[in-house]
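# Structural description and commentary
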Amino acid sequence: MTALLEWIFWLSGASIAYVYAGYPLLLKAWRRVRPNAIRPQAPDHLPPISIVIAARNEAPALGGRIENLLALEYPAHCQIVVVSDGSTDDTAVVLARYSRHVESVLVPAGGKARALNAGVARAP
């Protein structure tokens, strides 16, 4: 029984050592063997993306979130679609302020999945 517990102790210690030291060393060695295995894409070749937000009564937080998305440094075209899922607050007013940069979709209350589907339908 003592031998089994000793094996479990050393195996646990070895797995912790592997996580903190062995794996980084393995990655460093792999990079020397295959230096160009992972090539980052050039910024010119990044695909355009669409970001869809489903919002229901999110007027207080929506402006900050849209500002955050507009500040992204993604070089390709970035379409932002905000779907108001039956909002009863000033969500439409906030969306009107960002009408130049954001596509807004107003749908009756039907749940997040329905709102996301409506937003995805607007994305190319």
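The text that follows walks through the structure, step by step, so that each part is easy to find.

What counts, and at which threshold
Counting restarts for each chain, with residues numbered from 1 along the sequence as it is written. The predicted origin of the model limits local features to residues at a pLDDT of at least 70 and limits the giving and counting of side-chain atom pairs to 80 or more, whereas totals for whole chains, interfaces and linings rest on all residues. Hydrogens and water are ignored here; the side-chain numbers use all heavy atoms of the structure. Secondary structure counts use DSSP, requiring at least four H or I residues in a row for a helix and at least two E residues in a row for a strand, with both numbered from the N terminus. Only protein chains enter the calculation, and the probe is 1.4 Å; a residue is then buried if its accessible area is under 20% of its type maximum, exposed if over 50%, and partly exposed in between. Two aromatic rings, drawn from Phe, Tyr or Trp (for Trp, its six-membered ring), form a pair once their centres lie within 6.5 Å of each other, and the interplanar angle then sorts them: stacked below 30 degrees, edge-to-face above 60, tilted otherwise. Charge counting treats Lys and Arg as positive and Asp and Glu as negative, with His and both chain ends excluded. One speaks of a salt bridge when a side-chain nitrogen belonging to Lys or Arg is within 4 Å of a carboxyl oxygen belonging to Asp or Glu. Polar contacts, as used here, are pairs of N or O atoms within 3.5 Å; protein pairs need one atom able to donate a hydrogen and one able to accept it. Residues neighboring in sequence count only if both atoms are side-chain atoms. Whether two residues are in contact is decided by their heavy atoms, any of which lying within 4.5 Å being enough.

### Examining unusual backbone geometry
- Of note, N57 is a non-glycine position whose phi angle comes to about 55 degrees, a positive value.
- You can see N57 is positioned in the loop between β1 (49–55) and α2 (59–70).
- Residue classification places N57 among the partly exposed residues on the basis of a relative accessible area of 35%.

### Quick word on the packing of aromatic side chains
- Taken as a whole and judged by the stated rule, the model has two aromatic pairs.
- Ring geometry for F9 versus W10: centroids 5.1 Å apart, planes at 75 degrees, classification edge-to-face. Each member of the pair, F9 as well as W10, is classed as exposed.
- Measuring from ring centre to ring centre gives 6.2 Å for Y18 and Y23, while their planes differ by 70 degrees; the resulting arrangement is edge-to-face.

### Topic: the side chain of D85
- Looking at the element boundaries, D85 is found in strand β2 (residues 78–85).
- Of the side chains with opposite charge, R56 lies nearest to the buried D85, which makes no salt bridge, at 4.2 Å.
- For D85, the side chain forms a polar contact with the main-chain nitrogen of G110, separated by 2.9 Å.
- At 3.2 Å, the side chain of D85 and the backbone nitrogen of G111 are in polar contact.
- Those residues within four positions of D85 in sequence are excluded, and the remaining contacts are A55, R56, V107, P108, A109, G110, G111, K112 and A115.

### Focus: the pattern of salt bridges
- Tallied over the full model, the rule gives one salt bridge.
- The shortest N-O distance in the salt bridge between R122 and E103 comes to 3.4 Å. Placement of R122 in helix α4 (residues 112–122) and of E103 in strand β3 (residues 102–107) is noted, with a sequence separation of 19 residues between them.
- Since its relative accessible area comes to 29%, E103 is described here as partly exposed.

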